[in-house]
Structures are given as C-alpha cells and as structure tokens.
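# Remarks on the overall topology
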Amino acid sequence: MLPSQNSGLTISASDAERRAERAESRLARLQATTAALAEVMTPAEAATAVLEQGLGLFDAQTGGVYVLENDHELRALAALRTHFSQGSTIPLSSGFPVTRSARTGEHLFLEDREALLAQFPDIISLLPETVKALVALALTVKGRVIGSIGLTFSSPRTFPPEERRFADAIAAQCALAIDRAVLMERERAAADRAGFLGKASELLASSLDSERVLEELIRLAVPRFADWCAVEMIEGDATKQLAVAHVDPNKVKWAAALREKYPPDRLAPRGLYEVIRSGKPEIYPVISAEMLEASAIDAEHLQLIRELHIRSIIVVPLIASGKPIGGMTLVWAESGNVYDNSDLELFMELSHRAALAIENARLYRDLRQAVQVRDDFLAAAGHELKTPLAALLMQINSLQRLIRRGTLPSNLGDRLDKASNAGTRLERLIDELLDVSRITSGRLRLEPQPVHLDELVREVVERFVDQAASAGCAIALRTVPVRGIWDRPRIDQVVSNLVANALKYGRGAPVEIDLTSRGPHAVLQITDHGIGIAVEEQVKIFERFERAVANREFGGFGLGLWIARQIVEASGGTIAVTSAPGRGARFTVELPLGSEDGDG
Ligand code: ADP
C-alpha cells in the first residue's frame, strides 16, 4: 500500500509541481504580454502584439484580432496566417466564431472539428481542413464588447478550466490595450484631421486662384491622408484632370499618361462620373481583386491598375451653389492603409470647403469682370455723350458770335438743323441710359395697344431717309399689312435701333427690310451687307455694354440691342441674328400678334 501510496503521493507531488510551474510560466507570460502591450501605440500595433503573444501562449496555428467598426461590421486589425487580411471587414451578422463572440461577449472554446460542426455548421466548409480546434475570445472593456480574437489550432485539444481562466485574463489585458490604443488613435486622428482641415482652410482662403489652390490642397493630403489624390473638374460634357499628387513625381507622370490612355468612364454606374452626377460620395474600404478586374477596360489596363496596388478608395463630389463642378479621388495604395467612414467625413468636409472657395473665386472673377465692363463703359460713355454735345455747343457758340456781331448767317436753318440733330442724338443716348436703369430695376412698363406694324416700320424708315442717304444705303422696304397689340413707342424704338445699326455697320451697301406675318406672329427682318458679326460675338451683342467693334470706329453705347431684346422679350417675342464677318447681318424679330381683348 505504502509504495502505491508513495507513488500516488509522488505523482500528486510532481503534478502539483508541474501545475505550479505552469502557473508560474503563465504568470510570466501574462506579465510579458502586459509589458508588450504597455509599449504599443496604435491599434494595429496592439493587435499585432496580442497575436504574437497569443499564438505563442496557446500554441495556436493562425490568429486574427478584430474590432467593432460600427454596429454591423468587424474590421481585422491584425491577422496572422488567416484568410481574413488586415483591414478587411466582416459583417457582424455572419456566422463565424469571432463574429459570434463579438456579438455575445462570450468566449468560445471549440476543442475539435465535431464541436465546430455542431456549433457552426454553416461555416465549417469555409474552414481549412488543417483547423482542428478553435478559440474565439470576446474583447470586453467595462462590460462593453469592442471586438474579438480568433485563434486556430492544427490538432484537437482540450482547454482545461485554468487555461480558460488564463485566456480570459489575457483577453481582458488585450481588450484594455486595444481600447486604449483605439482611443488614442482616435484622438490623434481627430487632432490630425482638425490640423489638416485648418491648414486646408488657410490655403483655400489664401488666394483666389482656385486652380492653383486646389493643386496645393491635394499635395497637402499626400501622404498623410492618401497615397494618391486627384481632382477632376467638369469641362463641357467631360472632366479635366486639374491635378494629381503622389510623393513620387515619376508616378505622377505615369498616372497622367495612364489617364490620357484610359480616361474615366462616363457611363460607369460607379466612380467619378456617378459621384459627380449624383452628388453622393463613394467609399471602397477594401478594393478586392474582383473589383479591380470588373473596373478594368482591357487586359493592359488591368495590368497597369494592378501595378498601382490600390487598396482603398474614396471619391467625393465638389459641389458649388448646389451644382456639381468636379470630383476628388483619394487612394490608399502601397502604404497598405485603408479608409473608413471618418475619412469619408473628413473629405466631404474638405470638398465642401474647397467648393466654397472655388465658388468665391468664381464670383470674385465675375464681379471683377462686371466692374471692368462698367468702368470701360463709363469711360466710353463719357466720350460718346461728348460728341453730340460738342457739335451742339459748337453751333450755338458760333451763332452767338454772329448774333453779337449783328449778322445772321444765310444758312441759319441748316445750322439749327445740325444743332437740333446733335441735341436729338444726345437725347437718344441719355434715354438709352435711363432705359438701362428702368429695365434693371424692373420699371419697364409696356402699354400695349393696337398697332399697324407695317405703318410703324414705314414711319421709322422715313425718319431715316437722310441718314440712309448720307450712309450711302438704299433701303428696300417690303411689307404686308400686319396688325397686332404692342407698346407702340417701344416697338418703334426696337425697329429704329435695328435700322440705325444696319446703316451704321452696313454703310455703302443696300439694306432690306421685310415685314411678313407667319401664323400668330409678325416677322420683321432687317438685312444689311456690311461688316457682319463673328459667330462667337453673336450672343454677346445682346448683352449689356457688349460691343463687337472698337468704340472709336463706330459710335454707340453697346446698349441698343440689349434694350431691344428686353423690349421684344417683354412683348413675348424673340430677337436673333444670322451673320458672318464681312457678309452683312440679318436681324429677325418675331412678335406674337396678341388678341385685341388679350394683353398682347
Ligand atoms: P452700339 O451699336 O451702340 O454699339 P448695339 O447694342 O446696338 O450697340 O449693338 C451692339 C454691338 O453689336 C455693336 O457694337 C456691334 O458690334 C454689333 N452690331 C449691331 N448691329 C450690327 C450690324 N448690323 N452689323 C454688324 N455688327 C452689328
């Protein structure tokens, strides 16, 4: 009995010894783990340290550390020899042990494949044959689950209670370390982002040259927030790459060549054009090989984009005054980083600020142009008003001198006519100026009444007989009786302006005036054979202060056609020109006849 007792005692003594040894070694490892975790800074570092320790501690074959990205996804923070790679996300609803642990906060110890099959029948086929046992540890901090750790083993094994307790202690340490690192990183990232946005805003406010500012802006984003950053602006019905940034200038050149050969696909249901069309950003946290293949245009393109090692993409729209004006693309590639929703928020904020700056720059440019046009106009208007005024004063002064001398010139009538013409011209110019303020302040009131347009046109032509003769223009007038409801003096003003222009710009050649009616419209065409108007000027001449000719050559404010258009449009009609340089011009006015009882 004794020997056996002895041997029993010996066994339990050595058992106790082994247990004590194991406990000691565990304690040592736990301390080592704690020490290792104390030094880590980033969540990825923490996760990697956890895995390195964990694999060794439990003799595991593969392992992964996952954190809750949001309410419905886990993100792999670190992975050793598993098919989940770092940065990839797993839906929380999927049936893996790690997602179950993260959902329930429980540790799972699956000692062999039977246990796995019993508890996870849906995913057993996804696990490699080499996985014979598996542990999923929930990472919990103060009752809050922040993620999970998965370890796999190449042979079946048991997990006695003390080992489970040890695993629990390790998991608690890891959870604390990862949580602390995640918080620290969040703070760091928030400070970084705030700093970046601050710098970006400073930059955006520093200049009104928006293109140059955007170029600098995307350089600011690289490499802290992207390996690649590019801005495309809408130009016509396509986009033009404004700038692209990468730390390596050779790569920038290479990318420019790639874009030239393979411009962004306008019809693609995703990507730049869709973002611009919809105004909604897109984020692709992890670009898979299949996604790359799907986006490639041909085999060569696929080869080239594979060489970029694209990992993660964000595309944000640039929207100014509610209208898309372009898009910004950010790419993580060789650095191996991935984007998450906080990055998306950052870049939405950035694109918002950039678009505002672009909008401001555009408004400023327009304003400057408008001020320039107005200043040019004022300078020209001074000269313009002085010409008839000088003629008027000259006649009056010379007549005064003669009268003082007691003589009256024989051509007194002619001189008074000249003075009167100059006065009339002055009056017309001042009326034009007054019309501008009347129209822009919305005070142009039409007083429609029945008008015989053919008679009105004839009267205007008669008034211009002398002027036509001195311009060397024979006027051919062809009319049919046309009666409608219009503001007579205003329509007179339109016709007079067009006839005056035809004589001014069509000097020395015949002028044709045709009045017809077409359906419910009167159609008036005034055709000259003078200097004509270049196509690019044809829209502009109906704008305020716009002239297609130099001031000195032909007098005028550049207001007549703008006023004419306002009157015609207020009467419900249209005014248009067809012309070519040196080939004369034809102005066509179409006016609705209106009904006697209507408002014309
Ligand atoms: P203004 O004649 O006082 O300059 P308008 O508004 O009447 O102003 O015309 C605007 C511009 O359109 C003119 O400066 C001239 O360049 C161009 N234009 C107008 N009518 C004609 C025409 N019949 N032939 C050629 N150019 C014309």
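Keep in mind that this is a model prediction, so the values were computed, not measured. (Residues numbered from 1 in each chain as written. Predicted model: local features only at pLDDT ≥ 70, side-chain atom pairs only at ≥ 80, totals over all residues. Heavy atoms only, no water.)

Helices and strands together make up the secondary structure of the protein chain, namely 16 helices and 18 strands. For a compact globule of 600 residues, the expected C-alpha radius of gyration is about 25 Å, and the protein chain comes in at 42 Å, more than 25% above that figure. When the backbone C-alpha atoms are referred to their principal axes, the protein chain occupies close to 165 × 55 × 50 Å. Residues counted as buried form 43% of the 600 residues belonging to the protein chain. Within the protein chain, counting contacts between residues at least 6 apart in sequence, those at least 24 apart form 64% of the total. (Helix = DSSP H or I, 4+ residues; strand = E, 2+ residues; numbered from the N terminus. Rg over C-alpha atoms; globule rule 2.2 N^0.38 Å. Buried < 20%, exposed > 50% of the residue type's maximum accessible area, 1.4 Å probe, protein only. Contact = heavy atoms within 4.5 Å.)

On average, residues of the protein chain carry a pLDDT of 88, and 95% of them reach 70 or more. Confidence drops under a pLDDT of 50 for residues 1–8, and excluding neighbours within four residues, the segment shows 3 contacts in the predicted structure. (pLDDT = per-residue confidence, 0-100.)

Trans peptide bonds make up most of the peptide bonds, and negative phi angles are found at most residues other than glycine. Geometrically, the link from valine 222 to proline 223 is a cis peptide bond, its omega value of 0° lying close to zero. Within the element layout of this structure, proline 223 appears in the loop between helix 6 (210–221) and strand 7 (228–235). Even without being glycine, aspartate 59 reaches a positive phi, approximately 60°. A relative accessible area of 67% means that aspartate 59 is categorised as exposed. Phi angles above zero are rare outside glycine, and serine 321 is one such case at about 50°. When you line up the elements, serine 321 lands in the loop between strand 10 (312–320) and strand 11 (323–332).

What follows deals with the nonpolar core. By size, the foremost hydrophobic cluster in this structure holds 50 residues, and its most contacted members are Leu453, Trp486 and Phe587. No other element matches the 8 residues that helix 15 (residues 488–505) contributes to this core. Counting residues in each nonpolar core, the second largest holds 37 residues, with Leu55, Ala78, Ile146 and Phe159 among its members. (Core = buried A, V, L, I, M, F, W, Y, C linked by side-chain atoms within 4.5 Å.)

What follows covers the sheet that holds strand 9 (residues 282–284). Taken in spatial order, the 5 strands make up an open sheet running 8-7-11-10-9, and their pairing is antiparallel. What marks the edges here is a single partner per strand, and that holds for strand 8 (238–245) and strand 9. Direction aside, the axes of adjacent strands within the sheet are offset by 20° on average. Across 9 bridges, the pairing between strand 10 and strand 11 is antiparallel. Within strand 11, the position partnered with isoleucine 314 by the bridge is leucine 330. Contacts from helix 6 reach strand 7, strand 8 and strand 11 within the one sheet, and its direction differs from that of strand 8 by about 50°. The sheet strands contacting helix 11 (residues 341–404) are strand 7, strand 9, strand 10 and strand 11, and the helix crosses strand 10 at an angle near 30°. (Pairing = 2+ DSSP bridges. Axes fitted to C-alpha atoms, helices over the stretch in contact; angles between N-to-C directions.)

Here we take up the environment of leucine 267. As for its position among the elements, leucine 267 is in the loop between helix 7 (249–261) and helix 8 (272–278). When its relative accessible area of 76% is taken as the criterion, leucine 267 is described as exposed.

Right, let's talk about the sheet that holds strand 16 (residues 521–528) for a bit. If you walk across this open sheet you meet the 5 strands as 13-15-16-18-17, and the pairing is mixed. In this open sheet, the two edge strands, each paired with only one partner strand, are strand 13 (475–479) and strand 17 (574–579). Strand-to-strand, the axes of this sheet are offset by a mean angle of 15°, without reference to chain direction. Sheet topology places strand 17 next to strand 18 (residues 585–592); 6 bridges connect them, and they run antiparallel.

This part is about the pattern of salt bridges. Applying the stated criterion to the full structure yields 29 salt bridges. Between arginine 75 and glutamate 69 there is a salt bridge; the shortest N-O distance is 2.7 Å. Look at glutamate 69 and you get partly exposed, because its relative accessible area is 27%. A salt bridge links aspartate 435 to arginine 438; the shortest N-O distance between them is 2.7 Å. Of the two residues, aspartate 435 and arginine 438 both sit in helix 12 (residues 412–440), 3 residues apart, roughly one turn of that helix. On the basis of relative accessible area, aspartate 435 is assigned to the buried category, the value being 4%. For arginine 438, a relative accessible area of 28% translates into the label partly exposed. Sharing partners across several salt bridges, the network here consists of Asp209, Arg212 and Glu216. (Salt bridge = Lys/Arg side-chain N within 4 Å of Asp/Glu carboxyl O.)

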